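# Working through the structure, step by step
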Amino acid sequence: MSLPSHVRLVEVGPRDGLQNEKQPVSVADKVRLVDGLSAAGLGYIEVGSFVSPKWVPQMAGSAEVFAGIEQRTGVTYAALTPNLKGLEAAIEAGVKEVAVFAAASESFSQRNINCSIADSLVRFEPVMELAQQRGIRVRGYVSCVLGCPYDGDVSPHQVAAVAFALQAMGCYEISLGDTIGVGTAGNVRQLFEVVGRDVPRERLAGHFHDTYGQALANIYASLLEGVAVFDSSVAGLGGCPYAKGATGNVASEDVVYLLDGLGIETGVDLSRLIEAGQRISRTLGRETASRVARARSVAQ
Ligand SMILES: CC(C)(COP(=O)([O-])OP(=O)([O-])OC[C@H]1O[C@@H](n2cnc3c(N)ncnc32)[C@H](O)[C@@H]1OP(=O)([O-])[O-])[C@@H](O)C(=O)NCCC(=O)NCCSC(=O)C[C@@](C)(O)CC(=O)[O-]
């Protein structure tokens, strides 16, 4: 299969990245991050989550972040909404696109959203209904697609069943999350081959954490499978509060560098993206996890 000429990047740093921070991050710093990312040319930014603050305290100020950001034309600013209460809060904050999140493993579903996979799908039904009434597009996530921190191996057929259910209830795109970053190029190709029989590949996205250093190889493997949407996190921020030891998503800077090298268009200005990543890394008081950003700062 030939590679796509264009890839859509879904920047999840402000949400997936910052949700896992131990130290508090101010609304002003989050706003600066989101605005820096849109200025770098990212067309889709996951800004925050409307989840229980008892479960994920770092996302508590998401409405204020939405109120503070500069909303550029052509950029999608999205939020996670696990239930109707979350969607109502997102609507109140003026959010135009949301995501629901399910898992392919039962234990992760329980730990992350306090219900079984089947119950989570039932919970999403009123979310989909209200979103449709309000003209809000809904993206779907499936976590633990290549392994679960509690249950171990996960079958691609189980992933396909959950992805198909999300598509059937109206999610326009399904992002397959390697939450703990254990996948390798071989099982990533097999995953998309199996899931692709039930959900068209143009409706699938890859979401790779980089715990085992395989994320870029996994993106390349996904490109070979015809996938052209990838989630990534500036400076490689993050982890998952319910997946101990998992590192952040693949760094957006490293993905852009890979895609630039392949001649695949993303619309992102790498230098400005590196600046946004360096700024948030300084705010958090640590070095960026992007290898490209580190190499560029040494070269300068
Ligand atoms: C889903 C629930 C709410 C169920 O949590 P629950 O405790 O079962 O919910 P409940 O309906 O029984 O309500 C309990 C309390 O939470 C409140 N509540 C209920 N809903 C909301 C809401 N939307 N916003 C704010 N508050 C809410 C509700 O009002 C009540 O408050 P109380 O009466 O006790 O004061 C909880 O488990 C939760 O918030 N989980 C979120 C977990 C999360 O955000 N995880 C990280 C994102 S997923 C991820 O990172 C993976 C991904 C997407 O990146 C892909 C990958 O890498 O795999």
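The rules we used
Residues numbered from 1 in each chain as written. Predicted model: local features only at pLDDT ≥ 70, side-chain atom pairs only at ≥ 80, totals over all residues. Heavy atoms only, no water. UniProt positions renumbered as here; feature names shortened; annotations may be inferred. Near = heavy atom within 4 Å. Polar contact = N/O pair within 3.5 Å; in protein donor to acceptor, adjacent residues only side chain to side chain. Areas by Shrake-Rupley, 256 points an atom, 1.4 Å probe, with all protein chains shown as cover. 1 Å grid on protein atoms, 1.4 Å probe; cavity = no way out; pocket = protein on both sides within 12 Å on 5 of 7 lines; lining within 4 Å. Sits in = over half its atoms within 2 Å of the grid points. Helix = DSSP H or I, 4+ residues; strand = E, 2+ residues; numbered from the N terminus. Points joined across faces, edges and corners; volume = space filled by probe spheres on them. Nonpolar A, V, L, I, M, F, W, Y, C, P; charged D, E, K, R; others polar. Expected span 1.5 Å × (residues − 1). Buried < 20%, exposed > 50% of the residue type's maximum accessible area, 1.4 Å probe, protein only. Contact = heavy atoms within 4.5 Å. Pairing = 2+ DSSP bridges. Right-handed = clockwise from strand over helix to strand, strands pointing away. Core = buried A, V, L, I, M, F, W, Y, C linked by side-chain atoms within 4.5 Å. Disulfide = S-S within 2.5 Å.

The name recorded for the protein chain in an unreviewed UniProt entry is hydroxymethylglutaryl-CoA lyase, from Phytopseudomonas seleniipraecipitans. Taken from UniProt, the Sequence similarities (unreviewed entry) comment for the protein chain reads in full: "Belongs to the HMG-CoA lyase family." Recorded under Pathway (unreviewed entry), the UniProt text for the protein chain is reproduced unchanged: "Metabolic intermediate metabolism; (S)-3-hydroxy-3-methylglutaryl-CoA degradation; acetoacetate from (S)-3-hydroxy-3-methylglutaryl-CoA: step 1/1."

### Looking at the site of the ligand
Surrounding the ligand, one finds 25 residues, the nearest of these being Gln19, Asn112, Asn114, Ser143 and Thr179. Within the side chain of aspartate 16, an N or O atom sits 3.2 Å from an oxygen atom of the ligand. One of the side-chain nitrogen or oxygen atoms of serine 143 is found 2.5 Å away from an oxygen atom of the ligand. Within the complex, 75% of the 1100 Å² of free accessible area of the ligand lies under protein. At a threshold of 2 Å from the grid points, most atoms of the ligand map onto the largest pocket. Contributing elements (two or more residues each) for the shell around the ligand: helix H1 (13–17), helix H4 (84–92), helix H5 (106–113) and strand S5 (137–143).

### Overview of the layout of surface pockets
Where empty space is left becomes clear once a probe the size of a water molecule has been rolled over the atoms. In this model, the largest pocket occupies a volume close to 690 Å³. As for the largest pocket, its lining consists of 36 residues, and the residues nearest its centre are Val51, Ser52, Val56, Pro82 and Phe101. In terms of residue class, the lining of the largest pocket is built from 19 nonpolar, 13 polar and four charged. Its volume calculated, the second largest pocket comes out at about 250 Å³. The wall of the second largest pocket is formed by 16 residues, among which Asp210, Gly213, Asp254, Ala289 and Arg291 lie closest to the centre. Per-class residue counts for the lining of the second largest pocket are six nonpolar, six polar and four charged.

### Regarding helix H6 (residues 117–134)
Taking 1.5 Å as the rise per residue, H6 with 18 residues should run 26 Å; its terminal C-alpha atoms sit 26 Å apart, in good agreement. Along H6, the positions that sit buried rather than exposed are Ile117, Ser120, Leu121, Phe124, Val127, Met128, Leu130 and Ala131. Buried-residue contacts for H6 involve H4, strand S4 (97–103), H5, S5 and helix H7 (156–168).

### Some thoughts on empty space enclosed by the protein
Evaluated as defined, the whole model comprises one cavity of 30 Å³ or more. Computed from the structure, the largest cavity encloses a volume of approximately 50 Å³. Asp29, Arg32, Leu33, Ala276, Arg279, Ile280 and Thr283 together form the lining of the largest cavity. Within the residue set of the lining of the largest cavity, elements represented by two or more residues are helix H2 (27–39) and helix H11 (270–284). Counting residues per element, the lining of the largest cavity draws most heavily on H11, at four residues. Class assignment of the residues belonging to the lining of the largest cavity gives a composition of three nonpolar, one polar and three charged.

### Observations concerning the pairing of strand S7 (residues 204–208)
Among the five residues of S7, five are classified as buried, and the element is accordingly described as predominantly covered. With burial as the criterion, each face of S7 is covered, one bearing Leu204, Gly206 and Phe208 and the other bearing Ala205 and His207. Of the pairings in the sheet, the one linking strand S6 (residues 173–178) to S7 comprises five bridges and is parallel in character. Opposite isoleucine 174, over in S7, you have leucine 204 as the bridge partner. With helix H8 (residues 185–195) bridging S6 and its parallel neighbour S7, the resulting β-α-β unit is right-handed. You can see the chain leave S7, run along helix H9 (residues 215–224) and come back into strand S8 (residues 229–232), and the turn it takes is right-handed.

### Observations concerning the nonpolar core
Of all hydrophobic cores here, the largest spans 89 residues; its most connected members are Leu9, Val142, Val159, Leu166, Ile174, Leu176 and Val195. No other element matches the seven residues that H6 contributes to this core. Grouped together as the second largest cluster of nonpolar side chains are 13 residues, Ala78, Leu80, Phe101 and Ile113 included.

### With respect to the state of the cysteines
Under the criterion given, the structure shown has zero disulfides. No disulfide involves cysteine 115; its sulfur sits 14 Å from that of cysteine 144, the nearest cysteine. Judged by its relative accessible area of 6%, cysteine 115 is buried. Free cysteine: cysteine 148, not disulfide-bonded; nearest cysteine sulfur from cysteine 144 at 4.4 Å.

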